[in-house]
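# Working through the structure, step by step
One-letter residues, chain by chain:
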Amino acid sequence: MTGNMEKSFNNTFVANGLEREHNRRKDPEWLARKLRDPESVFLPVRQSKVLVTNGEAPTPVLFSPKQLGQYKQTDSGVFLGEREGRAYFAVELEETDFGAFEEAGKFKDLRSVAPLLSREDGAILAYAQALGYWHRRNRFCGVCGARNEIREAGHSLCCVNPECGAAHFPRTDPAIIVLIERGGKCLLGRQQTWARGVYSVLAGFVEPGESTEGAVAREIFEEVGVRVTNIRYHSSQPWPFPCSLMLGFTAEAEDDQITLGDSELEHARWFGRSELLEAVENGAVKLPTPVSISYRLIEEWLEKECRPT
Ligand SMILES: [Zn+2]
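Fair warning: this is a prediction, and the values are worked out from it, not measured in the lab. (Residues numbered from 1 in each chain as written. Predicted model: local features only at pLDDT ≥ 70, side-chain atom pairs only at ≥ 80, totals over all residues.)

### Notes on the sheet that holds strand β4 (residues 86-92)
Put simply, the test is: Pairing between two strands requires that DSSP report at least two bridges joining them. Strands are runs of DSSP state E lasting at least 2 residues, helices are runs of H or I lasting at least 4, and numbering of each runs from the N terminus. Orientation is described by axes fitted as lines to C-alpha atoms, over the contacting stretch for helices, and by angles from 0 to 180 degrees between their N-to-C directions.
A sheet is described by the order of its strands in space; here five strands give the open sequence β3-β4-β1-β2-β5, paired in mixed fashion. Because the sheet does not close on itself, it has two edges, and the strands there are β3 (78-83) and β5 (106-109). Going from strand to strand, the sheet's axes swing by 35° on average, the running direction of each strand aside. Sheet analysis places strand β1 (residues 41-46) next to strand β2 (residues 49-52), joined by two bridges and oriented antiparallel.

Next up, the structure:
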């Protein structure tokens with residue numbers, strides 16, 4: 001494996017090696033067997049939190065069908081996939097029924113706990129959380145307002161109104177995230193709401209009718225007034241906060257004049273490599289969480305040989 005695929009493979013939250021069984025999950029008999037199989041496991045998700053064991057090396061709390069059945073119908077499980085013959089399901093909890101689950105672990109924000117998890121555990125929890133969010137937000141049909149019913153092991157919802165019958169599918173919002181370089185320096189910015197000292201690469205959502213490259217050029221110009229060229233795709237990362245797919249790029253700035261534009265950023269500036277490393281070392285600057293593609297873009301740039309552009 002090389003190039004973009006290898007880079008994406010190594011991004012946190014990418015569920016590698018999970019058989020999604022796209023065709024078999026539509027078969028109700030196959031699904032019913034998996035929901036009863038004592039080897040199958042359920043991952044509880046509550047609002048935007050995942051259930052992990054307590055302690056310094058947390059792991060997801062896994063419930064067997066029998067254990068889950070004490071608290072909740074197993075057929076509410078959303079099939080995620082199979083790994084080494086074991087089926088994984090996500091189960092979205094109501095606010096009224098999570099208490100019993102807290103005896104087994106603690107509900108935590110995935111972003112904060114992810115650096116402590118294995119790659120596989122982080123990825124499957126991210127996947128569970130993304131589907132849980134979609135189910136929570138789509139209990140009713142967006143066309144006619146009637147109730148939606150689960151289909152295809154939770155990968156589709158169908159409106160119960162016979163005059164409507166609209167089918168709904170999980171959404172993923174594409175967002176671009178870009179490391180901009182010029183003359184051996186990179187452009188980082190910060191938002192007012194971020195923790196003190198945190199700087200990151202620039203990002204924004206792709207709008208309808210727009211290419212990803214078009215979104216890169218537009219977002220960067222809107223945020224910092226810089227025109228970019230040589231836009232190159234780097235890798236992608238599922239980012240279930242709540243339902244994005246981050247599309248990582250690198251680009252070169254045509255000039256280094258920063259003009260803050262759309263009030264999204266409170267500050268942006270150019271950093272040389274040694275300058276950034278020193279600022280991180282002495283605590284003046286903090287980089288984004290190491291599980292993010294933004295961190296990977298910055299890390300890779302820091303490791304590159306300095307070459308004139
Ligand atoms: Zn409907």
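### What to know about the nonpolar core
Operational definition: We call a set of buried Ala, Val, Leu, Ile, Met, Phe, Trp, Tyr and Cys residues a nonpolar core when their C-beta atoms link them within 7 Å. Counting other C-beta atoms within 10 Å of each residue's C-beta, where C-beta atoms are placed from the backbone, gives the exposure class: buried for 20 or more, exposed for 12 or fewer, partly exposed between. For the purpose of contact definition, each residue receives a C-beta atom placed from its backbone, and two residues are in contact when these atoms lie within 7 Å.
Ranked by internal contacts, the top residues of the largest apolar core, which has 76 residues, are Leu43, Phe89, Ala128, Val178 and Ile180. Counting residues per element, this core draws most heavily on helix α5 (residues 119-137), at ten residues. Contacts of Ala128, omitting those with residues within four sequence positions, involve Leu43, Val45, Val50, Leu80 and Ala90.

### Overview of the sheet that holds strand β6 (residues 148-151)
Judged by pairing direction, the sheet is antiparallel, and its three strands sit side by side in the order β6-β7-β8 without closing on themselves. The outermost strands of the open sheet, each flanked by one partner alone, are β6 and β8 (167-168).

### Re the pairing of strand β9 (residues 173-182)
Across nine bridges, the pairing between β9 and strand β13 (residues 244-253) is parallel. Bridging from a neighbouring strand, Leu179 pairs with Thr250 of β13. Inspection of the sheet shows β9 paired to strand β11 (residues 202-205) by four bridges, in the antiparallel sense. Bridge pairing in β11 links Val178 to Leu202. Taken together, the three bridges between β9 and strand β10 (residues 185-190) define a ladder with antiparallel strand orientation. Within β10, the position partnered with Glu181 by the bridge is Cys186. Remark: two residues form the turn of the hairpin made by β9 and β10, two consecutive strands paired antiparallel; Gly183 in that turn has positive phi of roughly 55°.

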